[in-house]
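If you want the building blocks of each chain, they are given just below.
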Amino acid sequence: MPWFDRFDTLAAARFPELEILREEPMEKHTTFRVGGPVRRFVRPGDLRTCAALLALAEEEGWPLLTLGSGSNLLAADEGLDMLAVHTAKLDGLERTGERTIRAGAGVSLARLSAFAQREGLAGLEFAHGIPGSLGGGVYMNAGAYGGEMKQVLSFVTAWLPGAGIRQLSLEELDLGYRHSVFSGTRGAVLEAELLLEPGSPEAIQVRMADFDRRRREKQPLEYPSAGSVFKRPEGHFAGGLIEQCGLKGFRIGGAQVSEKHAGFIVNTGGAACADVLALIAHIRKTVYDQTGVNLEPEVKTVP
């Protein structure tokens with residue numbers, strides 16, 4: 001029996017309220033707007049159902065993809081023979097103490113930072129324009145303008161293979177540059193508590209507006225993209241190297257090196273995942289040949 005037929009049978013019995021989408025187009029669930037159909041796509045309604053689904057996939061050995069906003073993801077054109085567990089419904093958000101907020105993995109970083117601002121809690125201003133969810137932000141230790149998730153996390157509730165639901169301290173999260181304890185594993189963020197500083201809502205709003213203005217001026221927000229495509233190479237800026245190599249505006253199919261910011265690849269319309277991957281490969285080769293710097297992609301490709 002194919003794995004997805006067994007999944008349908010077991011899910012109907014164990015999770016009767018769960019909506020199962022079959023052959024769901026991944027282009028609807030990535031900010032790049034590319035990707036073929038995924039075999040099965042589900043949105044668990046709460047933390048424990050999500051953990052139970054992840055545990056079932058691990059127990060059965062099914063191919064698994066856990067995703068939030070898909071803002072750092074490239075899905076193959078031919079589709080994914082996987083179970084996609086989408087965290088959008090893990091969207092609880094509440095103030096839990098004088099300096100703390102608890103949020104589900106599916107809460108967008110924009111919504112989270114706006115909530116903190118209204119509550120008079122500072123520290124998340126950097127995250128307001130990052131087009132991702134809290135879960136992805138923790139997974140990648142997302143950061144911008146001198147801030148990163150490592151600076152504001154208190155603890156994370158996660159599902160880990162072989163361990164189930166666990167609460168991880170900041171030290172256990174092993175957060176580094178675009179890295180966490182979850183990197184390269186099937187573990188998943190379920191929710192997190194953030195520790196922030198009291199501040200004036202008006203002053204926090206001013207800082208957020210300044211960051212938003214800088215993003216609009218420098219980043220190609222008018223096109224679908226996955227943000228910065230490459231990690232920052234030591235001693236350099238990826239965008240500067242790419243521009244130095246004459247690649248600003250270079251395109252393959254519908255994928256183009258942004259004319260506004262060379263660190264971004266944008267979908268100008270009708271781009272395929274194959275176009276983006278070919279463009280990434282061309283950029284890496286050109287930059288290495290001309291500068292000796294090996295650019296490492298930040299965007300994740302599935303499978």
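Coordinates for the structure precede this section.
Residues numbered from 1 in each chain as written. Predicted model: local features only at pLDDT ≥ 70, side-chain atom pairs only at ≥ 80, totals over all residues. Heavy atoms only, no water.

Enquirer: In this structure, what is going on with the packing of helix 1 (residues 3-14) against helix 2 (residues 47-60)? I would like to understand it.
Expert: For the pair helix 1 and helix 2, the least separation of the axes is 12 Å and the interaxial angle reads 145°. Of the two elements, helix 1 crosses helix 2, and the hand of that crossing is right-handed. Between helix 1 and helix 2, the residues in contact are Arg 6, Phe 7, Leu 10 and Arg 14 and Leu 53, Leu 56 and Glu 60, respectively. When the residues that make up the contact of helix 1 with helix 2 are grouped by side-chain class, the tally is 4 nonpolar, no polar and 3 charged. (Axes fitted to C-alpha atoms, helices over the stretch in contact; angles between N-to-C directions. Helix = DSSP H or I, 4+ residues; strand = E, 2+ residues; numbered from the N terminus. Left-handed = near helix turned anticlockwise from the far one by under 90°. Contact = heavy atoms within 4.5 Å. Nonpolar A, V, L, I, M, F, W, Y, C, P; charged D, E, K, R; others polar.)

Enquirer: Can you help me understand the sheet that holds strand 7 (residues 100-104) in this one?
Expert: Across a sheet, strands are paired by hydrogen bonds formed along the backbone, either parallel or antiparallel in direction. Taken together, the 5 strands give an open sheet; going across it, the order is 6-7-13-11-12, and neighbouring strands pair in antiparallel fashion. Two strands lie at the open edges of the sheet, namely strand 6 (93-95) and strand 12 (164-169), each paired on one side alone. Direction aside, the axes of adjacent strands within the sheet are offset by 15° on average. Relative to strand 7, strand 6 runs antiparallel, the two being bridged by 3 bridges. From the neighbouring strand, Leu 93 faces strand 7, where its bridge partner is Ala 103. Against the sheet, helix 3 (residues 109-118) engages strand 6, strand 7 and strand 13 (188-195), with an angle of about 25° to strand 6. (Pairing = 2+ DSSP bridges.)

Enquirer: Explain the layout of surface pockets to me, please; I cannot follow it from the model alone.
Expert: In this approach, a probe sized like a water molecule rolls over the atoms, and the result shows the empty space that is left. Its volume calculated, the second largest pocket comes out at about 170 Å³. In terms of residue class, the lining of the second largest pocket is made up of 6 nonpolar, 2 polar and 4 charged. (1 Å grid on protein atoms, 1.4 Å probe; cavity = no way out; pocket = protein on both sides within 12 Å on 5 of 7 lines; lining within 4 Å. Points joined across faces, edges and corners; volume = space filled by probe spheres on them.)

Enquirer: Teacher, can you tell me more about the packing of aromatic side chains here?
Expert: Two numbers describe a pair of aromatic rings. These are the distance of the centres and the angle of the planes. Using the criterion set out here, one finds 4 aromatic pairs in the structure. Between the aromatic rings of Trp 3 and Phe 4, the centroid separation amounts to 5.8 Å while the plane-to-plane angle is 85°, which identifies the pairing as edge-to-face. Ring geometry for Phe 7 against Trp 62: centres 5.5 Å apart, planes inclined by 85°, an arrangement best described as edge-to-face. Linking Phe 7 in helix 1 with Trp 62 in the loop between helix 2 and strand 3 (64-67), this pair joins segments that are 55 residues apart in sequence. What makes Phe 7 buried here is its relative accessible area of 0%. Of the aromatic side chains, those joined through ring pairs into one cluster are Trp 3, Phe 4, Phe 7 and Trp 62. Geometry around Tyr 177 places Arg 232 over its ring, the cationic atom sitting 4.8 Å from the centre. (Phe/Tyr/Trp six-rings, centres within 6.5 Å; stacked < 30°, edge-to-face > 60°. Buried < 20%, exposed > 50% of the residue type's maximum accessible area, 1.4 Å probe, protein only. Lys NZ or Arg CZ within 6 Å of the ring centre and 35° of its normal.)

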